[in-house]
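# Observations on the three-dimensional arrangement
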Amino acid sequence: MKQIYKITYPNNKIYVGKDLTGTLTYFGSVDSKYVEKDFTEEEKKNFTIKKEILWESNEDDSVVNKKEVEFITKLESNNPRIGYNQWPKYKK
């Protein structure tokens, strides 16, 4: 089952991604250096994230790709104040 998911970090910022294989332990391809800037060395030692499945389907990959962009835009996870998605570029 293909999935669109939302990752929530301890600072409540989010990342929206897709998993075309439905793998339980897949947590996306977020830029770790981009995320790490928001946390102290101490905070990095006890770090919990939450993965939430927002949508599931057996649709064609092109449909899943479009759905991912829809969720990124809807949740504004590409807004640097809200999330860690760097694409599509956030428009104020």
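Residues numbered from 1 in each chain as written. Predicted model: local features only at pLDDT ≥ 70, side-chain atom pairs only at ≥ 80, totals over all residues. Heavy atoms only, no water.

This brings us to the sheet that holds strand β1 (residues 2-8). If you walk across this open sheet you meet the 3 strands as β2-β1-β3, and the pairing is antiparallel. The sheet terminates laterally at β2 (14-19) and β3 (50-57), the two strands that pair on one side only. The mean angle between the axes of side-by-side strands here comes to 20 degrees, regardless of whether they run parallel or antiparallel. As defined by bridge partners, β1 adjoins β3 across 7 bridges and the pair is classed as antiparallel. When the sheet's bridge partners are listed, Lys-2 is paired in β3 with Ser-57. Against the sheet, helix α2 (residues 61-75) makes contact with β1, β2 and β3, and its axis sits at roughly 170 degrees relative to β2, the strand it touches most. (Pairing = 2+ DSSP bridges. Helix = DSSP H or I, 4+ residues; strand = E, 2+ residues; numbered from the N terminus. Axes fitted to C-alpha atoms, helices over the stretch in contact; angles between N-to-C directions. Contact = heavy atoms within 4.5 Å.)

Okay, the nonpolar core next. Grouped together as the largest cluster of nonpolar side chains are 8 residues: Tyr-5, Ile-7, Tyr-9, Tyr-15, Val-30, Val-35, Phe-39 and Tyr-84. Setting aside chain neighbours within four positions, we find Tyr-84 in contact with Tyr-9, Asn-11, Lys-13, Ile-14, Tyr-15, Val-30, Tyr-34, Val-35, Asp-38, Phe-39 and Ser-77. Counting 6 residues, the second largest nonpolar core, distinct from the first, contains Trp-55, Val-64, Phe-71 and Ile-72. (Core = buried A, V, L, I, M, F, W, Y, C linked by side-chain atoms within 4.5 Å. Buried < 20%, exposed > 50% of the residue type's maximum accessible area, 1.4 Å probe, protein only.)

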